[in-house]
Amino acid sequence: MKFRLHLFLTYLLLCISCNTVTNPQLTPLLRISDNNRFLVTENGDPFFWLGDTGWLLFSKLSREEAAQYLDDRRQNGFNVIQVMVLHDVMKAVNYYGDSAIINHAADKPLVTEGSSSDDPLQYDFWDHTDYIIDLARQKGIYMALVPVWGSNVRSGKVTVDQAGRYAKWLSDRYKDRPNIIWLNGGDVRGSDSLSVWNKIGTTLRSNTTGQLITFHPFGRTQSSEWFHNAEWLDFNMFQSGHRRYDQDTSGLAYGEDNWRYAVSDYNKTPVKPTLDGEPSYESIPQGLHDPSQPYWTDSDVRRYAYWSVFAGGCGFTYGHNAIMQFNKPGDKSPAYGVREFWDAALNAPGASQMKYLKELMLSVPYAERLPAQEIIAGQQGEKYDYIAATKGAGYAFIYTFTGGNIRIDCTRLNWTKFRASWYNPRNGESTPSGTFDCKGEILFDPPGERANDNDWVLVLNKK
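Model, not experiment: these values are computed from the prediction.

A. Region of interest: the overall build of the protein. Counting secondary structure elements, the protein contains 13 helices and 22 strands. Seen through its C-alpha atoms, the protein measures out along the principal axes to roughly 70 × 50 × 45 Å. Residue pairs at least 24 apart in sequence account for 72% of intrachain contacts in the protein once pairs closer than 6 positions are excluded. Carbon and sulfur atoms make up 49% of the accessible area of the protein, which amounts to about 17,900 Å² in all. Averaging the positions of the 47 positive and the 53 negative side-chain charges in the protein gives two centres separated by 2 Å.

B. Quick look at the nonpolar core. One finds Trp49, Leu57 and Met143 to be the most contacted residues of the largest nonpolar core, which totals 116 residues. Formed by 21 residues, the second largest nonpolar core is a distinct cluster that contains Ile375, Ile387, Ala420 and Trp456.

C. Quick peek at the pairing of strand β22 (residues 456-462). Burial analysis of β22 places 5 of its 7 residues in the buried class, the great majority of the element. Of the strand pairs in this sheet, strand β17 (residues 395-400) and β22 are connected by 6 bridges, and their pairing is antiparallel. The partner of Ala396 across the bridge, within β22, is Leu460. The sheet contact formed by strand β19 (residues 417-423) and β22 spans 6 bridges and is antiparallel. Directly across from Phe418, in β22, lies its bridge partner Lys462.

D. Fine view of the packing of aromatic side chains. One pass over the structure, following the stated rule, counts 31 aromatic pairs. Put simply, the rings of Trp197, Phe215, Trp226, Phe227 and Trp232 touch in pairs and so form one group of aromatic residues. Geometry around Tyr295 places Arg339 over its ring, the cationic atom sitting 3.6 Å from the centre.

E. View of the packing of helix α10 (residues 298-310) against helix α13 (residues 349-361). Two elements in contact, α10 and α13, have axes whose closest approach is 9 Å; the angle formed by their N-to-C orientations is 20°. As far as their axial angle goes, α13 and α10 are roughly parallel. Along this stretch, α10 crosses α13, giving a crossing that reads as right-handed. In contact with Asp298, Val301, Arg302, Ala305, Tyr306, Val309 and Phe310 of α10, α13 contributes Pro349, Gly350, Gln353, Met354, Tyr356, Leu357, Leu360 and Met361. Of the residues that constitute the contact of α10 with α13, the class distribution is 11 nonpolar, 2 polar and 2 charged.

F. Local environment of unusual backbone geometry. The omega torsion across Thr269 and Pro270 is -5°, close enough to zero to call that bond cis. Counting through the fold element by element, Pro270 comes out in the loop between α9 (259-266) and β13 (274-276). The phi dihedral of Ser193 is positive, around 70°, even though this residue is not glycine. As for its position among the elements, Ser193 is in the loop between β9 (180-188) and α7 (194-207). Non-glycine residue Lys383 carries a positive phi angle of around 50°. Within the element layout of this structure, Lys383 appears in the loop between β15 (370-371) and β16 (387-391). Residue Lys383 is classed as partly exposed on the basis of its relative accessible area, which comes to 47%.

G. Here's a closer look at the sheet that holds β16. Taking strand neighbours across the sheet as the criterion, the 6 strands line up as β15-β16-β17-β22-β19-β20 in an open arrangement whose pairing is antiparallel. At either margin of the open sheet sits one strand with a lone partner, and together these are β15 and β20 (430-437). Its contacts with the sheet put α10 on β15, β16, β17, β19 and β22, and the angle it makes with β17 is roughly 145°.

H. View of the sheet that holds strand β3 (residues 46-47). With respect to topology, 3 strands assemble into an open sheet ordered β1-β2-β3, the strand pairing being antiparallel. At either margin of the open sheet sits one strand with a lone partner, and together these are β1 (30-32) and β3.

I. Seen up close, the pattern of salt bridges. Taken as a whole and assessed by the stated rule, the structure comprises 28 salt bridges. Asp437 is paired through a salt bridge with Lys417; the nearest N and O atoms lie 2.4 Å apart. On the criterion of sequence distance, the pair formed by Asp437 in strand β20 and Lys417 in strand β19 is long-range, its members being 20 residues apart. Classification of Lys417 by relative accessible area gives partly exposed; the value is 36%.

Parameters and conventions
Residues numbered from 1 in each chain as written. Predicted model: local features only at pLDDT ≥ 70, side-chain atom pairs only at ≥ 80, totals over all residues. Heavy atoms only, no water. Helix = DSSP H or I, 4+ residues; strand = E, 2+ residues; numbered from the N terminus. Contact = heavy atoms within 4.5 Å. Areas by Shrake-Rupley, 256 points an atom, 1.4 Å probe, with all protein chains shown as cover. Lys, Arg positive; Asp, Glu negative; His and termini not counted. Charge placed at Lys NZ, Arg CZ, Asp CG, Glu CD. Core = buried A, V, L, I, M, F, W, Y, C linked by side-chain atoms within 4.5 Å. Buried < 20%, exposed > 50% of the residue type's maximum accessible area, 1.4 Å probe, protein only. Pairing = 2+ DSSP bridges. Phe/Tyr/Trp six-rings, centres within 6.5 Å; stacked < 30°, edge-to-face > 60°. Lys NZ or Arg CZ within 6 Å of the ring centre and 35° of its normal. Axes fitted to C-alpha atoms, helices over the stretch in contact; angles between N-to-C directions. Parallel < 35°, antiparallel > 145°, perpendicular 65-115°, else oblique. Left-handed = near helix turned anticlockwise from the far one by under 90°. Nonpolar A, V, L, I, M, F, W, Y, C, P; charged D, E, K, R; others polar. Salt bridge = Lys/Arg side-chain N within 4 Å of Asp/Glu carboxyl O.

The structure is reproduced here in structure tokens:
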């Protein structure tokens, strides 16, 4: 085990800067809302999932780096981190050189007797994982854990029996932590090794109390395709993926129209919440694999976020190319044409803009919100011109990515008067637009010139 002296010194610094006693009120258990559309805390308080894909957090970051990362995400409004527990069973090693398992066997965790996350001079892979999970809890952050990444199962490195034993051991270790959410799967189709995923899901369900479970699927697919009726699946997740409209040639997916996945899940029975758990990452090549292609930007991230949430999503997961893999100087094989290091990418504009969506959603009565395309008069637009709408009893939000005109059908609102304003998703600022009689159709012209990144939310409030 390497870097022990370094670890001890950083541990002392963390003890000085952090209160290691966790506050259970920061991360109460989550549950499904009474209308089965959203997530709420066990006390019934609304919980808007604002996730970040910190996939390699446990393996790539030291204690002090993990603290830096979690502090930044907390300050930017993120409340969920999606992370792999076992990324690659053939080389499951963390920052300190500690191995997770014995002989590449997922069901043989390498645990050091007498070790503890409280002792930085003698602890193992799992103690490091414990430390980060508990540090996240201290900061009010939930950890959405993928037990074993899908490629390991798809390649035959994890059998059904191994999956069951590993899921039992893992859930035994973490079943009492309220800030754990389980992400079964991991960038894989449920039909690929269906028996393994059901074994993990049923084991987690029978061996935990209250922790929510979902499934992280392959790009441009959704968990509901295989597991919507599974008793272990509490809510759905889809991965809208990283391709442009013209790159999505299969005819089996929705291209960039990620809102269509939300609509599809929203209309299924039994009713379950859903969200986009992996849209196009900020600063990743369009199409994912070819760095000669243009890279996705913060405006694209905003579009995916508002489209999917307004279509009925219970939250949204952001991602950045450099952060999801925690790219560092000296990394031998960084992936997907990454151009930044992870700590610099913390300042990417898209990451700081996501909190404005969360703040907007939590500014109104939460559980009554519905998709509301019917309030848009005439054509709703196609591709980048698509206009998305959501509403509650006394409010409505309408999103345009291009800054195109929005025509409202007031007969669908059943109000007498309303106030209108423009909400800027780049900075969270609101600009009043006037008070209107709610009669007939009303045309609204967003600020600025029409362009693909001139996005706005038209906010209507009943008077």
